[in-house]
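# A closer look at the structure
Here are the chains, one letter per residue:
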Amino acid sequence: MVYCLGAGVNFEVAAATVKHLKDKELILPASEEVPRRFMLAWDKKLGKLQLSEFNLSRAIAILEKGKPVIPVYLDEIYQKLAAKIS
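This one's a predicted model, so the numbers in the text were calculated from it and none came from an experiment. (Residues numbered from 1 in each chain as written. Predicted model: local features only at pLDDT ≥ 70, side-chain atom pairs only at ≥ 80, totals over all residues. Heavy atoms only, no water.)

## Details of helix α2 (residues 11-23)
Because an α-helix packs 3.6 residues into every turn, residues spaced three or four apart end up facing the same way. In this model α2 runs 18 Å from its N-terminal to its C-terminal C-alpha over 13 residues, within 8% of the 18 Å that 1.5 Å per residue would give. Buried within α2 we find A14, T17, V18 and L21. Buried residues of α2 fall within an arc of 95° about the axis and therefore sit on the same side. Exposed and facing more than 90 degrees away from the buried side of α2 are E12 and D23. At its buried positions, α2 is contacted by α1 (2-6), β1 (37-43), β2 (48-53) and α4 (74-85). The backbone nitrogen of E12 lies 3.2 Å from a side-chain oxygen of the residue at the head of α2, namely N10. Just past α2, the residue E25 takes up positive phi, approximately 55°. (Helix = DSSP H or I, 4+ residues; strand = E, 2+ residues; numbered from the N terminus. Expected span 1.5 Å × (residues − 1). Buried < 20%, exposed > 50% of the residue type's maximum accessible area, 1.4 Å probe, protein only. Arc of directions from axis to C-beta. Contact = heavy atoms within 4.5 Å. Polar contact = N/O pair within 3.5 Å; in protein donor to acceptor, adjacent residues only side chain to side chain.)

## Details of the nonpolar core
Among the nonpolar cores identified, the biggest contains 13 residues, and V9, L21, F38, L40, L51, V72 and L74 are the most heavily contacted of them. Among the elements of the structure, α2, β1, β2, β3 (69-73) and α4 are those that each provide at least two residues to this core. Listed in part, the five residues of the second largest apolar core include M39, A41, A59 and I62. (Core = buried A, V, L, I, M, F, W, Y, C linked by side-chain atoms within 4.5 Å.)

## Some thoughts on the environment of N55
The residue N55 is located in the loop between β2 and α3 (56-64) in this model. With 17 residues separating them in the primary sequence, N55 and F38 have C-alpha atoms 8.0 Å apart.

## Overview of the sheet that holds β3
Pairing in this open sheet of three strands is antiparallel, and the strands run β2-β1-β3 from one edge to the other. Because the sheet does not close on itself, it has two edges, and the strands there are β2 and β3. In this sheet, adjacent strand axes meet at a mean angle of 25° when their direction is disregarded. Bridge analysis of β1 against β2 gives six bridges, and the strand direction is antiparallel. By the bridge assignment, A41 is partnered in β2 with Q50. The sheet strands contacting α3 are β1, β2 and β3, and the helix crosses β1 at an angle near 35°. (Pairing = 2+ DSSP bridges. Axes fitted to C-alpha atoms, helices over the stretch in contact; angles between N-to-C directions.)

Function cannot be read off these values alone, since they describe shape.
Listed below in structure tokens is the structure:
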């Protein structure tokens, strides 16, 4: 939640993102070998930010259209949490 809010999204979008990650059981475990990387990207059909698997070419295409893309890298979030705990 803090990561999303720090990235500049409003509380509603941040809460929906965290809920989606929890519902799909994507938040845990943190010990996965392959880092989980997602992005909040503008979906023009829905007219709002949507969470999806990170795709570099899609992110670049969206950015070139002047629309927002916010990376959500769970591995980096886990590292920051671990650093604060220790």
